[in-house]
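Spelled out, the chains give:
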Amino acid sequence: MPAAEPVFRREFPVKGGDFAKAGAAACEIKELLKDLGLDAATVRRAAIVAYEAEMNVIMYAWKARMDLAVSPDEVRLTVDDSGPGIADIELAMTEGYSTATAEMRELGFGAGMGLPNIKRNADVFAIDSEVGRGTRLDITIRTNGHHP
Amino acid sequence: MIVLKDVLALLDGELLTPASVLDTPFPKVFASDLMSDVLASAEPGALLLTGLANAHVVSTCSVADLAAVVFVQGKRPAPDVVVQALSRNLPLVATRLTMFEACSKIAGLVEDGGHARR
(Lines give C-alpha, C1' and ligand atoms only; values in the text may rest on other atoms or scores of the structure.)
Protein backbone atom coordinates (compact mmCIF):
# COMPACT_ATOMS: atom_id res chain seq x y z
CA MET A 1 0.00 0.00 0.00
CA PRO A 2 1.53 3.36 -0.91
CA ALA A 3 2.31 5.70 1.95
CA ALA A 4 -0.20 8.44 2.69
CA GLU A 5 0.41 11.85 1.10
CA PRO A 6 2.70 14.01 3.22
CA VAL A 7 0.79 16.46 5.34
CA PHE A 8 3.88 18.51 6.04
CA ARG A 9 6.91 19.37 3.93
CA ARG A 10 9.85 21.63 4.45
CA GLU A 11 13.26 22.20 2.87
CA PHE A 12 16.41 22.92 4.81
CA PRO A 13 19.50 24.20 3.00
CA VAL A 14 22.82 23.12 4.54
CA LYS A 15 26.18 24.66 3.65
CA GLY A 16 29.40 22.65 3.60
CA GLY A 17 31.99 23.82 6.13
CA ASP A 18 29.46 25.81 8.15
CA PHE A 19 30.39 24.35 11.54
CA ALA A 20 28.95 27.37 13.36
CA LYS A 21 25.43 26.38 12.28
CA ALA A 22 25.91 22.65 12.79
CA GLY A 23 22.79 21.10 14.26
CA ALA A 24 20.51 24.04 13.42
CA ALA A 25 18.51 22.09 10.82
CA ALA A 26 18.29 18.95 12.97
CA CYS A 27 17.13 20.91 16.03
CA GLU A 28 14.51 22.70 13.93
CA ILE A 29 13.32 19.38 12.49
CA LYS A 30 13.04 17.98 16.00
CA GLU A 31 10.91 20.90 17.19
CA LEU A 32 8.67 20.63 14.10
CA LEU A 33 8.11 16.91 14.61
CA LYS A 34 7.35 17.46 18.30
CA ASP A 35 4.85 20.18 17.38
CA LEU A 36 3.23 17.81 14.87
CA GLY A 37 2.56 15.49 17.81
CA LEU A 38 4.77 12.56 16.84
CA ASP A 39 5.80 10.19 19.64
CA ALA A 40 9.09 10.86 21.45
CA ALA A 41 10.91 7.77 20.12
CA THR A 42 10.12 8.62 16.49
CA VAL A 43 11.11 12.25 17.01
CA ARG A 44 14.40 11.19 18.57
CA ARG A 45 15.25 8.77 15.75
CA ALA A 46 14.42 11.38 13.10
CA ALA A 47 16.43 14.05 14.90
CA ILE A 48 19.49 11.78 15.20
CA VAL A 49 19.26 10.85 11.51
CA ALA A 50 18.90 14.52 10.54
CA TYR A 51 21.83 15.57 12.73
CA GLU A 52 24.18 12.88 11.42
CA ALA A 53 23.21 13.72 7.83
CA GLU A 54 23.62 17.45 8.47
CA MET A 55 27.07 16.89 10.00
CA ASN A 56 28.12 14.77 7.02
CA VAL A 57 27.19 17.61 4.65
CA ILE A 58 29.01 20.19 6.80
CA MET A 59 32.12 18.02 7.06
CA TYR A 60 32.38 16.59 3.57
CA ALA A 61 30.07 18.21 1.00
CA TRP A 62 29.77 21.67 -0.55
CA LYS A 63 26.07 22.18 -0.08
CA ALA A 64 22.90 20.18 0.26
CA ARG A 65 19.17 20.34 0.49
CA MET A 66 17.45 18.36 3.19
CA ASP A 67 13.79 17.66 2.43
CA LEU A 68 11.51 16.68 5.26
CA ALA A 69 8.14 15.12 4.45
CA VAL A 70 5.84 13.96 7.21
CA SER A 71 2.72 11.85 6.78
CA PRO A 72 0.69 10.14 9.50
CA ASP A 73 2.60 6.89 8.84
CA GLU A 74 6.14 8.04 8.27
CA VAL A 75 8.83 10.68 8.39
CA ARG A 76 10.85 10.87 5.23
CA LEU A 77 14.14 12.71 4.96
CA THR A 78 15.96 13.14 1.67
CA VAL A 79 19.44 14.64 1.70
CA ASP A 80 20.79 15.58 -1.70
CA ASP A 81 24.28 17.04 -1.67
CA SER A 82 26.70 18.48 -4.15
CA GLY A 83 30.06 17.22 -3.08
CA PRO A 84 32.95 14.89 -3.74
CA GLY A 85 30.76 11.79 -3.53
CA ILE A 86 31.72 8.46 -1.99
CA ALA A 87 33.90 6.10 -4.03
CA ASP A 88 33.28 2.99 -1.93
CA ILE A 89 29.87 3.06 -0.25
CA GLU A 90 30.34 -0.33 1.42
CA LEU A 91 33.52 0.93 3.10
CA ALA A 92 31.82 4.22 4.12
CA MET A 93 29.04 2.19 5.76
CA THR A 94 31.56 0.30 7.92
CA GLU A 95 31.49 1.39 11.56
CA GLY A 96 34.72 3.15 12.45
CA TYR A 97 35.80 3.90 8.88
CA SER A 98 36.34 7.61 8.50
CA THR A 99 38.11 10.13 6.30
CA ALA A 100 37.63 12.92 8.86
CA THR A 101 40.37 15.46 9.47
CA ALA A 102 41.94 16.07 12.88
CA GLU A 103 39.92 19.31 13.10
CA MET A 104 36.63 17.44 12.67
CA ARG A 105 37.64 14.91 15.32
CA GLU A 106 38.50 17.69 17.76
CA LEU A 107 34.91 18.86 17.41
CA GLY A 108 33.75 15.43 18.53
CA PHE A 109 32.81 14.10 15.11
CA GLY A 110 34.28 11.97 12.39
CA ALA A 111 34.38 8.70 14.31
CA GLY A 112 33.06 6.77 11.35
CA MET A 113 29.67 6.21 12.95
CA GLY A 114 27.51 8.64 10.97
CA LEU A 115 26.20 6.58 8.05
CA PRO A 116 25.89 3.35 10.09
CA ASN A 117 23.99 5.28 12.76
CA ILE A 118 21.65 6.78 10.17
CA LYS A 119 20.94 3.29 8.83
CA ARG A 120 20.40 1.92 12.35
CA ASN A 121 17.76 4.55 13.11
CA ALA A 122 15.97 4.22 9.76
CA ASP A 123 13.30 1.75 8.71
CA VAL A 124 14.24 2.23 5.06
CA PHE A 125 17.64 3.55 4.06
CA ALA A 126 19.01 4.12 0.56
CA ILE A 127 22.27 5.75 -0.46
CA ASP A 128 23.42 6.68 -3.91
CA SER A 129 26.62 8.49 -4.72
CA GLU A 130 28.60 9.63 -7.70
CA VAL A 131 32.22 10.64 -7.33
CA GLY A 132 32.71 14.30 -8.21
CA ARG A 133 28.98 15.07 -8.10
CA GLY A 134 27.48 14.19 -4.77
CA THR A 135 25.53 11.85 -2.54
CA ARG A 136 21.84 11.29 -1.98
CA LEU A 137 20.33 9.70 1.11
CA ASP A 138 16.74 8.59 1.27
CA ILE A 139 15.57 7.76 4.78
CA THR A 140 12.17 6.64 5.99
CA ILE A 141 11.18 6.32 9.63
CA ARG A 142 7.79 4.72 10.21
CA THR A 143 5.88 6.39 12.99
CA ASN A 144 4.26 3.10 13.92
CA GLY A 145 7.33 1.01 13.09
CA HIS A 146 8.62 -1.60 15.50
CA HIS A 147 12.18 -0.52 15.64
CA PRO A 148 14.80 -2.72 17.34
CA MET B 1 18.18 7.02 40.86
CA ILE B 2 20.87 9.68 40.97
CA VAL B 3 19.84 13.28 40.62
CA LEU B 4 21.63 16.48 39.60
CA LYS B 5 22.01 17.62 43.22
CA ASP B 6 24.00 14.43 44.06
CA VAL B 7 26.21 14.89 41.02
CA LEU B 8 27.04 18.46 42.03
CA ALA B 9 27.92 17.42 45.58
CA LEU B 10 29.90 14.36 44.61
CA LEU B 11 31.99 16.03 41.90
CA ASP B 12 32.33 19.35 43.73
CA GLY B 13 30.68 20.68 40.63
CA GLU B 14 29.72 24.18 39.63
CA LEU B 15 26.29 24.58 38.10
CA LEU B 16 26.73 26.77 35.01
CA THR B 17 22.98 27.03 34.38
CA PRO B 18 21.69 28.41 37.70
CA ALA B 19 17.97 27.90 37.12
CA SER B 20 18.28 24.17 36.45
CA VAL B 21 16.08 21.80 38.42
CA LEU B 22 18.33 20.07 40.97
CA ASP B 23 16.23 16.95 41.36
CA THR B 24 16.44 16.02 37.67
CA PRO B 25 16.90 12.22 37.79
CA PHE B 26 19.24 10.29 35.49
CA PRO B 27 18.31 6.70 34.66
CA LYS B 28 21.64 6.25 32.85
CA VAL B 29 25.09 7.81 32.68
CA PHE B 30 27.24 8.01 29.54
CA ALA B 31 30.83 9.24 29.24
CA SER B 32 32.50 10.17 25.97
CA ASP B 33 34.33 12.91 24.12
CA LEU B 34 32.93 11.64 20.84
CA MET B 35 29.53 13.07 19.99
CA SER B 36 29.21 10.37 17.30
CA ASP B 37 29.26 7.78 20.08
CA VAL B 38 26.71 9.76 22.11
CA LEU B 39 24.36 9.83 19.12
CA ALA B 40 24.89 6.12 18.49
CA SER B 41 24.77 4.71 22.01
CA ALA B 42 23.59 7.07 24.77
CA GLU B 43 20.07 6.53 26.03
CA PRO B 44 17.41 9.24 26.36
CA GLY B 45 17.45 10.91 29.75
CA ALA B 46 21.10 10.05 30.40
CA LEU B 47 23.67 12.26 32.11
CA LEU B 48 26.67 12.93 29.85
CA LEU B 49 30.23 13.32 31.12
CA THR B 50 32.58 14.79 28.54
CA GLY B 51 35.85 16.58 28.06
CA LEU B 52 34.51 18.35 24.99
CA ALA B 53 33.16 21.84 25.69
CA ASN B 54 31.80 23.23 22.44
CA ALA B 55 28.34 23.97 21.03
CA HIS B 56 28.12 20.53 19.42
CA VAL B 57 27.75 19.01 22.88
CA VAL B 58 24.56 21.02 23.48
CA SER B 59 23.18 20.26 20.00
CA THR B 60 23.96 16.57 20.41
CA CYS B 61 22.24 16.43 23.80
CA SER B 62 19.19 18.26 22.42
CA VAL B 63 18.92 15.92 19.45
CA ALA B 64 19.44 12.72 21.45
CA ASP B 65 17.38 13.76 24.53
CA LEU B 66 20.23 13.68 27.05
CA ALA B 67 19.28 15.27 30.36
CA ALA B 68 22.41 17.10 31.56
CA VAL B 69 26.14 17.53 30.92
CA VAL B 70 29.18 17.43 33.20
CA PHE B 71 32.33 18.98 31.72
CA VAL B 72 35.31 17.26 33.33
CA GLN B 73 38.90 18.27 34.03
CA GLY B 74 38.20 21.98 34.41
CA LYS B 75 36.82 22.38 30.88
CA ARG B 76 34.36 25.23 30.56
CA PRO B 77 32.11 26.00 27.62
CA ALA B 78 32.09 29.51 26.12
CA PRO B 79 29.29 31.86 27.31
CA ASP B 80 27.34 31.43 24.05
CA VAL B 81 27.28 27.67 24.60
CA VAL B 82 25.83 28.23 28.08
CA VAL B 83 23.18 30.53 26.60
CA GLN B 84 22.30 27.84 24.06
CA ALA B 85 21.99 25.25 26.86
CA LEU B 86 19.77 27.59 28.90
CA SER B 87 17.45 28.06 25.92
CA ARG B 88 17.12 24.29 25.66
CA ASN B 89 16.75 23.65 29.40
CA LEU B 90 19.91 21.58 29.48
CA PRO B 91 21.71 21.73 32.84
CA LEU B 92 25.50 22.16 32.58
CA VAL B 93 27.99 21.33 35.33
CA ALA B 94 31.75 21.94 35.44
CA THR B 95 34.10 19.89 37.63
CA ARG B 96 37.86 19.93 38.09
CA LEU B 97 37.93 16.14 38.42
CA THR B 98 39.34 14.07 35.56
CA MET B 99 37.04 11.92 33.47
CA PHE B 100 38.22 8.81 35.33
CA GLU B 101 37.73 10.35 38.78
CA ALA B 102 34.30 11.70 37.90
CA CYS B 103 33.16 8.40 36.38
CA SER B 104 34.53 6.47 39.33
CA LYS B 105 32.65 8.62 41.86
CA ILE B 106 29.41 8.44 39.91
CA ALA B 107 29.79 4.68 39.48
CA GLY B 108 30.12 4.40 43.26
CA LEU B 109 26.95 6.40 43.68
CA VAL B 110 25.08 4.25 41.17
CA GLU B 111 26.24 1.09 42.98
CA ASP B 112 24.99 2.57 46.23
CA GLY B 113 21.54 2.92 44.73
CA GLY B 114 21.73 6.68 44.46
CA HIS B 115 22.83 7.47 48.04
CA ALA B 116 25.76 9.84 47.88
CA ARG B 117 29.06 8.50 49.19
CA ARG B 118 32.11 10.68 49.52
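The structure this text deals with has already been given above.
Residues numbered from 1 in each chain as written. Chains lettered and ligands numbered in written order. Predicted model: local features only at pLDDT ≥ 70, side-chain atom pairs only at ≥ 80, totals over all residues.

1. Concerning the overall build of chain A
Okay, so step 1: A count of helical and extended segments in chain A gives five helices and five strands.
Okay, so step 2: Written out in order from the N terminus, the α and β elements of chain A read β-α-α-β-β-α-α-α-β-β.
Okay, so step 3: Scaling as 2.2 N^0.38, a compact globule of 148 residues should have a C-alpha radius of gyration of about 15 Å, and chain A matches this with 15 Å.
Okay, so step 4: Of all 148 residues assigned to chain A, the portion counted as buried reaches 40%.
Okay, so step 5: Sequence separation of 24 or more characterises 65% of the internal contacts of chain A that already satisfy a separation of 6 or more. (Helix = DSSP H or I, 4+ residues; strand = E, 2+ residues; numbered from the N terminus. Rg over C-alpha atoms; globule rule 2.2 N^0.38 Å. Buried ≥ 20, exposed ≤ 12 C-beta atoms within 10 Å, placed from the backbone. Contact = placed C-beta atoms within 7 Å.)

2. Some words on the interface of chain A and chain B
Okay, so step 1: With 17 residues of chain A in contact, the opposing surface of chain B contributes 16 residues.
Okay, so step 2: Contributions of two or more residues to the side of chain A that touches chain B are made by helix H1 (24-35), helix H2 (40-60) and helix H5 (114-121) of chain A.
Okay, so step 3: In terms of residue count, the dominant contributor to the side of chain A that touches chain B is H2(A) (five residues).
Okay, so step 4: Of the residues that constitute the side of chain A that touches chain B, the class distribution is ten nonpolar, four polar and three charged. (Nonpolar A, V, L, I, M, F, W, Y, C, P; charged D, E, K, R; others polar.)

3. Describing the environment of Thr42(A)
All names here are of chain A.
Okay, so step 1: Mapped onto the secondary structure, threonine 42 falls in helix H2.
Okay, so step 2: Sequence separation of threonine 42 and phenylalanine 125 is 83 residues, and the distance between their C-alpha atoms is 15 Å.
Okay, so step 3: Look past the residues within four positions of threonine 42 in its chain and what remains in contact with it is Val75, Ile141 and Thr143.

Keep in mind these values describe shape, not function.
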